Amino acid sequence: MATNILPHSIAELLDLGNLNISGIAACGSAIGLLQYTVANYTPKVADLQAKQDVFNGQRASVAELSATRILRIADMRKGCLLARTLLAITFGKDWSEQWVAAGWTDHTTEVPQNAGELETLCGAVAKFLIAKPEYQVASSKINFNASLYVVLKNDYNAADSAFRAGKVLLGNARDGRKVEEADLRKSMRGLGDILPDLIGPMDPRWDLFGFNRPGATVKPGKPEGLTLAKLAGQAAVLAQCSAVSLATYYRWFSKLIGVDTEFRFGGRTNDPLKEFPDQPTAGILEVFCEAANEAGPGVESATSSINLAL
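Residues numbered from 1 in each chain as written. Predicted model: local features only at pLDDT ≥ 70, side-chain atom pairs only at ≥ 80, totals over all residues. Heavy atoms only, no water.

**Examining the packing of aromatic side chains**
Part 1 of the argument: The full count for this structure, using the stated rule, is 11 aromatic pairs.
Part 2 of the argument: Taking the centre distance of 5.8 Å and the plane angle of 90° together, the rings of F144 and Y149 count as edge-to-face.
Part 3 of the argument: In this structure F144 comes out as buried when scored by relative accessible area, which is 0%.
Part 4 of the argument: Overall, Y149 belongs to the buried group, its relative accessible area being 0%.
Part 5 of the argument: Relative to F288, the ring of F263 has its centre 4.9 Å away and its plane inclined at 70°; by these criteria the two rings are edge-to-face. You can see F263 sitting in the loop between β5 (249-256) and β6 (264-269) and its partner F288 sitting in strand β8 (residues 284-293), a full 25 residues away along the chain.
Part 6 of the argument: Look at F263 and you get partly exposed, because its relative accessible area is 24%.
Part 7 of the argument: For F288, a relative accessible area of 7% puts it in the buried group.
Part 8 of the argument: Each residue in the set F91, W99, W104, F128 and Y135 is aromatic and connected to the rest through ring pairs, giving one cluster.
Part 9 of the argument: Lying over the aromatic face of F276, K274 brings its terminal NZ or CZ to 5.8 Å of the ring centre. (Phe/Tyr/Trp six-rings, centres within 6.5 Å; stacked < 30°, edge-to-face > 60°. Buried < 20%, exposed > 50% of the residue type's maximum accessible area, 1.4 Å probe, protein only. Helix = DSSP H or I, 4+ residues; strand = E, 2+ residues; numbered from the N terminus. Lys NZ or Arg CZ within 6 Å of the ring centre and 35° of its normal.)

Given below as structure tokens:
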């Protein structure tokens, strides 16, 4: 028997809520559904959508702040790689005690990936160049001086502070949806409890409401071959997988690393491909999908990821 467990994601809950409204409008009166009408159900969806719009706006802002932060981290690393290259002319490529004064303190000349370690290293290189101005280089192709590393460090700090402040506002927007979410979930559960008394377990009208048919038993298989690609000249990613037997639609989920705390519902498509628009200029986007039919979704695909900065 297919079950109608309410979705965890608020984006998917809203999608289902709008389908509920369509079902109520299309056949509510005909099947004797008196408790729920378009007039009394629509405001519940609209109220949550308004709070979700606030959340989505703040998430978009945080996504861009995260992209800027990632780029500033890349800038610091590029500057530290330059410092290693130039200092190696005098210090040698292998680590020695000479490297300690310039910030390489861990018996290696490797340049770290971690933001905090890069910030520390930029600060150390700046202090070194202030103390040893003879190591500075100024030419048409190379700019290697203390002020460069001060700027790199300060630019990162500013980007990091803005990102952290944005995350706080995003958390507030996330919490601000709780009352409206609970209200819609309560009504949706009530609707799901009433419908079995009004229509049969394989009645196609379940589809109009967005619910699985309780009598359906065979779900589609697992989507395979999920790929992601950036669309040329657009801030969008195209996801595509192989078609799945018995699937009548596909459900898509995405997560922007460092911004989203969980996967977000991206929508339904009739075909096994989905465009994810309005992506930031940097970051890692993860995507998976599920093939679904009247019995519900099957096993989710493997997760695929793409570096938005490349």
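Continuing now.
**Some words on the side chain of S9**
Part 1 of the argument: Relative to the helices and strands, S9 resides in the segment before α1 (10-27).
Part 2 of the argument: Within the structure, the side chain of S9 is placed 3.2 Å from the backbone nitrogen of A11, a separation counted as a polar contact. (Polar contact = N/O pair within 3.5 Å; in protein donor to acceptor, adjacent residues only side chain to side chain.)

**Quick look at the sheet that holds strand β3 (residues 227-230)**
Part 1 of the argument: One open sheet holds the 3 strands; their spatial order is β3-β4-β7, and the pairing between them is antiparallel. Of all the strands in the sheet, just β3 and β7 (273-276) have a single pairing partner and so form its edges. Direction aside, neighbouring strands of the sheet carry axes that sit 20° apart on average.
Part 2 of the argument: Across 4 bridges, the pairing between β3 and strand β4 (residues 237-240) is antiparallel. Residue pairing for β4: K230 is matched across the bridge by V237. (Pairing = 2+ DSSP bridges. Axes fitted to C-alpha atoms, helices over the stretch in contact; angles between N-to-C directions.)

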